[in-house]
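# Notes for the structure review
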Amino acid sequence: MELDLHAIGKRIRTQREYLGYSREKMAEYLGVTPKFCSDIELGLKGMSMQTLCNMSQILNLPVDYMLFGTENNTAFTGIIRLLSQLEPESIKYAEEILKNFVLATTDRLQRLQKGKNTENE
């Protein structure tokens, strides 16, 4: 089975933009150049396993979704059940709250990891 680098790049870019990260910020988190991030998003280059894992954490996306567009939703069953109880007009507010929560926890994780890397140097 051959990986579809264009589809992978599109999923990565969509999530990066959804989270409000610039390509430069994403590159900084990954420790790569913005050009390399661009090449990944355009499907021109693949990435190492380590970069894939780091990107998965930064974007809060399962690796199987990034690679194949599928994921195991059992981890999200409770969240989906809660959201399904909302009125349609409330969904957009819930989405915004979740988005801000993900951004806050992802940024905190990045700061903590950056601090650990500085301590190890």
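For the structure itself, consult the block above.
Residues numbered from 1 in each chain as written. Predicted model: local features only at pLDDT ≥ 70, side-chain atom pairs only at ≥ 80, totals over all residues. Heavy atoms only, no water.

## Thoughts on the layout of surface pockets
- Looking at the largest pocket, its volume works out to about 770 Å³.
- In this structure, the largest pocket is lined by 24 residues; those nearest its centre are Gln-15, Asn-60, Phe-76, Leu-98 and Val-102.
- Counting only elements with at least two residues in the lining of the largest pocket, the list comes to helix 1 (5–18), helix 6 (77–84) and helix 7 (88–120).
- Ranked by residue count, the leading element in the lining of the largest pocket is helix 7, at 9 residues.
- Of the residues that constitute the lining of the largest pocket, the class distribution is 14 nonpolar, 6 polar and 4 charged. (1 Å grid on protein atoms, 1.4 Å probe; cavity = no way out; pocket = protein on both sides within 12 Å on 5 of 7 lines; lining within 4 Å. Points joined across faces, edges and corners; volume = space filled by probe spheres on them. Helix = DSSP H or I, 4+ residues; strand = E, 2+ residues; numbered from the N terminus. Nonpolar A, V, L, I, M, F, W, Y, C, P; charged D, E, K, R; others polar.)

## What about the pattern of salt bridges?
- Per the stated rule, a full pass over the model turns up 6 salt bridges.
- Residue Glu-17 is joined to Arg-13 by a salt bridge in which the shortest nitrogen-to-oxygen separation is 2.8 Å. Taken as a pair, Glu-17 and Arg-13 lie in helix 1 at a separation of 4 residues, close to a single helical turn.
- In this structure Glu-17 comes out as partly exposed when scored by relative accessible area, which is 44%.
- For Arg-16, the salt bridge goes to Glu-17, with nearest N and O atoms at 3.9 Å.
- Among the charged side chains, a network of salt bridges with common partners joins Arg-13, Arg-16, Glu-17, Arg-23 and Glu-41. (Salt bridge = Lys/Arg side-chain N within 4 Å of Asp/Glu carboxyl O. Buried < 20%, exposed > 50% of the residue type's maximum accessible area, 1.4 Å probe, protein only.)

## Digging into helix 3 (residues 34–41)
- By the burial criterion, the buried members of helix 3 are Cys-37, Ser-38, Asp-39, Ile-40 and Glu-41.
- Contacts made by the buried residues of helix 3 are with helix 1, helix 2 (23–30) and helix 4 (49–59).
- Looking one or two places after helix 3, you find Gly-43, whose phi comes out positive at around 80°. (Contact = heavy atoms within 4.5 Å.)

## Digging into the packing of aromatic side chains
- If you walk through the whole model with that rule in mind, you get 1 aromatic pair.
- Where Tyr-21 meets Tyr-29, the ring centres are 5.4 Å apart and the plane angle is 80°; that geometry is what we call edge-to-face.
- A cation over a ring is seen here: Arg-11 above Tyr-65, with NZ or CZ 5.8 Å from the ring centre.
- Taking the ring centre of Tyr-18 as reference, the NZ or CZ of Lys-99 above it sits at 5.2 Å. (Phe/Tyr/Trp six-rings, centres within 6.5 Å; stacked < 30°, edge-to-face > 60°. Lys NZ or Arg CZ within 6 Å of the ring centre and 35° of its normal.)

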